[in-house]
Amino acid sequence: METTGWFLPAAVMVGLMVLISAVMLVRRWRQRRRKPKWVEPDLRIDVARLELRPVPEVPMLLFHGEPVRLDIVVLAPAGRTGSLPPPQSWPMLMEAVAPGLMRVVQTHEPQFVRWPSQLSVNGFIHQFFRNVVLPGDRGRGTPFCAAVGPARGTDGQLFLVGMIMHADHPLFLSFEEVESETMWRRLIEVRTS
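Criteria and cut-off values
Residues numbered from 1 in each chain as written. Predicted model: local features only at pLDDT ≥ 70, side-chain atom pairs only at ≥ 80, totals over all residues. Heavy atoms only, no water. Buried < 20%, exposed > 50% of the residue type's maximum accessible area, 1.4 Å probe, protein only. Helix = DSSP H or I, 4+ residues; strand = E, 2+ residues; numbered from the N terminus. Arc of directions from axis to C-beta. Contact = heavy atoms within 4.5 Å. Polar contact = N/O pair within 3.5 Å; in protein donor to acceptor, adjacent residues only side chain to side chain. Core = buried A, V, L, I, M, F, W, Y, C linked by side-chain atoms within 4.5 Å.

Caption draft 1: Local environment of helix α4 (residues 121-131). Of the residues making up α4, those classed as buried are Phe124, Ile125, Gln127, Phe128 and Asn131. Each buried residue of α4 lies within a common arc of 160 degrees when the element is viewed along its axis, so the set occupies one face. The exposed set on the far side of α4, more than 90 degrees from its buried face, consists of Asn122, His126 and Arg130. Looking at the buried side of α4, the elements it contacts are β1 (45-46), β3 (66-77), β5 (132-133), β6 (144-152), β7 (158-166) and β8 (175-177). Among the residues of α4, the N-terminal cap falls to serine 120, whose side-chain oxygen and the backbone nitrogen of glycine 123 are separated by 2.9 Å.

Below you can see the structure in the form of structure tokens.
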């Protein structure tokens, strides 16, 4: 009978240790299964809140032949491994979009906005259309217009650019999807005199 006197407390202790170990294992397993919540960055740009400054005459930026002011430039690296140069080099990137655009940037002083890397050109275009809110019917009949698409830097690296512009009068332009980096030069023109 004396052998059962120590057996019961020992069995209780072993049982408690097994229970505590099981609880710790379940907690660890649950923590590993939890995926971190991905919080989408807020990429929305409310164009209606922009201050409408006059369109400069020199250098003049023409979009489909209409004089416009460059208000916002959205830049994003293309692909998983793409990168943008430091922000102080961004005005020079504009020269890759169209000749003379760097002078426009210096005069118009647009706001530059960096977006996260985009896996595809079409994905960036879709994000831009979804997050840039032009007043009215996507800008038609208002002073606002926008263009979005790929461009290639002087180093040959692809990057993505979206431009939001306004005119001094209502336009019947809207969003323009730029299909290739060479199409920018057909949409926009810079006149320096």
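Caption draft 2: A look at helix α2 (residues 90-97). Looking at α2, one finds that the buried residues are Trp90, Leu93, Met94, Ala96 and Val97. All buried residues of α2 lie within an arc of 150 degrees about the axis, which places them on one face of the element.

Caption draft 3: Highlighting the environment of glutamate 176. With respect to the helices, strands and loops of the structure, glutamate 176 is situated in strand β8. Of the residues examined, glutamate 176 reaches a relative accessible area of 22% and is grouped as partly exposed. A sequence separation of 29 residues divides glutamate 176 from alanine 147, and the C-alpha atoms of the two residues are 4.5 Å apart. Other than its neighbours up to four places away in sequence, glutamate 176 contacts Phe63, His64, Ala146, Ala147, Val148, Met183 and Leu187. Looking at glutamate 176, its side chain comes within polar contact range of the side chain of histidine 64, at 2.9 Å.

Caption draft 4: Geometry of the side chain of histidine 108. If you trace the backbone, histidine 108 turns up in helix α3 (residues 101-108). Within the structure, the side chain of histidine 108 is placed 3.0 Å from the backbone nitrogen of leucine 70, a separation counted as a polar contact. Once residues within four sequence positions are removed from consideration, histidine 108 is found in contact with Arg53, Pro56, Pro59, Leu61, Val68, Arg69 and Leu70.

Caption draft 5: Expanded view of unusual backbone geometry. That bond from valine 58 to proline 59 is cis: its omega, -15 degrees, falls within 30 degrees of zero. For proline 59, the location among the structural elements is in the loop between β1 and β2 (60-63). For histidine 64, which is not a glycine, the phi torsion comes out positive at approximately 55 degrees. Relative to the assigned elements, histidine 64 resides in the loop between β2 and β3. What makes histidine 64 partly exposed here is its relative accessible area of 40%.

Caption draft 6: Looking closely at the nonpolar core. The biggest cluster of nonpolar side chains holds 32 residues, and the ones touching the most others in it are Val161 and Ile188. Counting residues per element, the ones that place at least two in this core are β2, β3, α2, α3, β6, β7, α5 (184-187) and β9 (188-191). Broken down by element, the residue count for this core peaks at five residues, all from α2. If near-sequence neighbours (up to four positions away) are discounted, valine 161 is found in contact with Val73, Val74, Leu75, Met94, Val97, Phe124, Ala147, Val148, Gly149, Ala151 and Trp184. In this structure, Val74, Ala78, Ile125 and Val132 belong to the second largest nonpolar core, which totals 20 residues.

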